[in-house]
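# Coordinate analysis (summary)
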Amino acid sequence: MHPNAIHPNTQRVIAAGQGLGLAVSVRTFPEGTKTAADAAAAIGVEVGQIVKSLVFTIDDSPVIALVSGANQLDERRLAAEAGGAKCRRADADLVRSATGYPIGGVPPFGHAQPLRVYVDRDLLDYEEVWAAAGTWNDVFPIDPDALVRATEATVADLRRG
């Protein structure tokens, strides 16, 4: 792939954003943004401004939790919000089949199948948050309220502790 070419996954995220009325402005970090700490350091923001897109199954149905990079997800809270009993982290194969993206690059929207989305209330404390744009190297900024609207998410207290 040409060094300035946009990765096909990232092109899909941009197109999905456009379909939702969002202008997705992608920034690429060759050193990688796979972890929240890596992303925050590369972008130059607080780790809490990083959106971790985590796929879980609630009673065997995949859902996505958009969690502040500063927080650990409370699986019991997510299960309760989703109206289920059992919450399990999805494996890499399920993440890819449900979202169409690899772990570390899962965007908040534009998934392979419709997924219920839950947003960590702590993300709303920021004017701008940063989410993955389909790869480990590509991210984009978004207003957290716009993120909630675009994903038709349920806002919830998902932080452990």
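Structure report, in brief. (Residues numbered from 1 in each chain as written. Predicted model: local features only at pLDDT ≥ 70, side-chain atom pairs only at ≥ 80, totals over all residues. Heavy atoms only, no water.)

### Let's talk about helix H5 (residues 144-151)
As a reminder of what qualifies: Throughout, exposure labels follow a simple rule: accessible area from a 1.4 Å probe, protein chains only, divided by the maximum for the residue type, with under 20% read as buried, over 50% as exposed, and the rest as partly exposed. Numbering of helices and strands starts at the N terminus; helices are DSSP runs of H or I of at least 4 residues and strands are runs of E of at least 2. In what follows, a contact means two residues having at least one pair of non-hydrogen atoms within 4.5 Å. Polar contact criterion, stated in full: a pair of N or O atoms within 3.5 Å, where within protein one must be able to donate a hydrogen and the other to accept it, and residues adjacent in sequence count only if both atoms are side-chain atoms.
Most of H5 sits inside the fold, with 6 of its 8 residues counted as buried. Three or more residues of H5 are buried, namely Pro144, Ala146, Leu147, Val148, Ala150 and Thr151. Residues of H5 that are buried sit in contact with strand E2 (51-58), strand E3 (61-68), strand E5 (116-120), strand E6 (129-132), strand E7 (138-142) and strand E8 (154-156). Here H5 starts with a cap whose side-chain oxygen sits 2.7 Å from the backbone nitrogen of Asp145, and that cap is Asp143. At the exit of H5 stands Glu152, carrying a positive phi of roughly 50 degrees.

### Points about the sheet that holds E7
The line we're drawing: What makes two strands pair is DSSP finding at least two bridges between them.
The sheet built from 3 strands is open, its strands ordered E1-E7-E6 with antiparallel pairing. The sheet is open, and its two edges are formed by strand E1 (27-28) and E6, each paired on a single side. Direction of pairing for E6 relative to E7: antiparallel, over a ladder of 4 bridges. Residue Ala131 lies in a different strand from E7, and its bridge partner there is Phe140.

### What to know about the environment of Asp59
Tracing the backbone shows Asp59 in the loop between E2 and E3. For Asp59, a relative accessible area of 40% puts it in the partly exposed group. The spatial distance from the C-alpha of Asp59 to the C-alpha of Lys86 is 5.1 Å, given a sequence separation of 27 residues. Residues in contact with Asp59, not counting those within four places in the same chain, are Gly84, Ala85 and Lys86. Of the polar contacts made by the side chain of Asp59, one reaches the backbone nitrogen of Ala85; its length is 3.0 Å.

### Section: the nonpolar core
Threshold: Among buried residues, the Ala, Val, Leu, Ile, Met, Phe, Trp, Tyr and Cys ones that are joined through side-chain atoms within 4.5 Å form a nonpolar core.
Counting 29 residues, the largest nonpolar core has Leu66, Phe109, Phe140 and Ile142 as the members making the most contacts within it. Elements with a contribution of two residues or more to this core: helix H1 (8-19), E2, E3, helix H4 (92-99), E5, E6, E7 and H5. It is H5 that contributes the most residues to this core, 4 residues altogether. If we skip the residues at most four places from it in the chain, Leu66 touches Val51, Lys52, Ser53, Pro108, Val117, Tyr118, Val119, Asp120, Leu123, Leu147 and Thr151. Leu54, Phe56, Tyr118 and Ala156 belong to the second-largest nonpolar core, a separate cluster that totals 14 residues.

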